[in-house]
Amino acid sequence: MNAGLLIIILLLGLSFLGFPIYLALGIGALTALNMADLPLIVLPQRMFAGMNSSALLAIPFFILAGNIMSRSITGKLIDICNAIIGHIKGSLALVTILASALFGAISGSGVATASAIGGLTIPAMKREGYPAPFAVGVASISSILGPIIPPSIVLIVYASITNVSVAELFLGSVLPGIILAVCLIAYGLIYGRKHDLPAHEKPKLKNIVTSLRKGIWALLMPIIILGGIFGGIFTPTEASAVAVVYSLIISLFVYKDLSFKELPKVFVDGAISTATIMVMVGLSAASSYVITTSGLPQQLVSFFSSITDSPIVILFLLNILFLIIGMLMEANAAVVMMTPILLPLLNAFGINILQFGIIMSFNLCIGLVTPPVGLCLLMCNQTGETRLSHSLKAMMPMLLISIVVLFVITYVEPLTTWLPSIMAG
């Protein structure tokens, strides 16, 4: 059996049996190395090489900034959204979507978005009489805006493998993120009217101004970070460090709702989350080395070439493949493992590497709300204390909307390449 194929089979099989992804990757890599008669020292060497990337330095900082925000700035973002649109039927659902988009513009993490935003808005929606499954569904699907809207940790990982500019990937993901957010808001408006969800009194201009004044420092954070990256003031890695410093100053000295006693726990939580991602990235890099040297990518190119010579069909098949992979694997691990396998295929069919990175990231983010992995759905469902099947049913229309948007950005290339081309020009 091909050593690369063995890794994939063991990864899927062990994952189904309940093994953590990093263990499944490690066992698969060791078994394949032994089968291919490669020295086992290759595993730690490739793990280190996979993690030895300057682009990956942004990950711990964005995660830490998200942890700090979730204890302080998140509430201010929600208050601003609520003050502006709280008078609309189903406004809390819309607030959840907008706040998730704003939070995602800083943290880059779907799980962090689900925890920070869903943890606040799901109980609030239930108190106001929203159906619990709908509250869970809208918070879950909104959380995937976190890793779609820049900065995105998944895109940072992809950039470290392909050497595509992180800033260009971030720019390319802006329009897909906005399109998805707008579509979800439209659905929330229709659902709110149809089911006569509660609305607050129309706010006075004075109350809106007060909320904006109190939350202006929170609102400035994504503007400073994204504006700095796209304006060429600092790199994405430098922006991640700026995000940490800014969030610490605002939380400790401006809003004063984060104490110095809480900082050790914040840093430890961030370190644990970072370690989890980096170990998976390292093991995935080792596995990808074995897969690449086994000749599996070339076999894959030959297989697809025998089926079709159309890039349109190839993109369709790859989307179906990643929708399935997203159900089974953590997004960052999937990116590191699958990208080296698919690069020869993309080059053979003339598929834009930048566009495909955004398509793959968008696709795998949908996996955050699809069982059996579906971490964001599971987290929000636990917060909402309802049956998973009911939450999944309530989320299904929004999930279908996300898949439709996925195929739109797949086949309308300017949606992902137009902004990067303007900045490059």
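Residues numbered from 1 in each chain as written. Predicted model: local features only at pLDDT ≥ 70, side-chain atom pairs only at ≥ 80, totals over all residues. Heavy atoms only, no water.

### Points about the packing of helix α7 (residues 110–127) against helix α20 (residues 375–384)
No. 1: The interhelical angle for the contact between α7 and α20, taken along N-to-C directions, is 30°, at an axis separation of 9 Å. With respect to α20, the axis of α7 lies roughly parallel. Handedness of the crossing formed by α7 with α20: right-handed. Between α7 and α20, the residues in contact are Gly 110, Val 111, Ala 114, Ser 115, Gly 118, Gly 119, Ile 122, Pro 123 and Lys 126 and Leu 375, Cys 376, Met 379, Cys 380, Thr 383 and Gly 384, respectively.
No. 2: Within the contact of α7 with α20, the residues separate by chemical class into eight nonpolar, six polar and one charged. (Axes fitted to C-alpha atoms, helices over the stretch in contact; angles between N-to-C directions. Helix = DSSP H or I, 4+ residues; strand = E, 2+ residues; numbered from the N terminus. Parallel < 35°, antiparallel > 145°, perpendicular 65-115°, else oblique. Left-handed = near helix turned anticlockwise from the far one by under 90°. Contact = heavy atoms within 4.5 Å. Nonpolar A, V, L, I, M, F, W, Y, C, P; charged D, E, K, R; others polar.)

### Concerning the pattern of salt bridges
No. 1: Under the defined criterion, the tally for this structure stands at two salt bridges.
No. 2: Lys 89 is paired through a salt bridge with Asp 196; the nearest N and O atoms lie 2.7 Å apart. Here Asp 196 lies in the loop between α12 (174–194) and α13 (205–230) and Lys 89 lies in the loop between α5 (73–85) and α6 (91–107), a separation of 107 residues in the sequence.
No. 3: We classify Asp 196 as exposed; its relative accessible area is 52%.
No. 4: Linking Asp 269 and Lys 265 is a salt bridge whose minimum nitrogen-to-oxygen distance equals 3.0 Å. Of this pair, Asp 269 and Lys 265 are both found in helix α15 (residues 263–293), four residues apart, which corresponds to roughly one turn of the helix. (Salt bridge = Lys/Arg side-chain N within 4 Å of Asp/Glu carboxyl O. Buried < 20%, exposed > 50% of the residue type's maximum accessible area, 1.4 Å probe, protein only.)

Remember, this is a structural readout, not a statement about activity or role.
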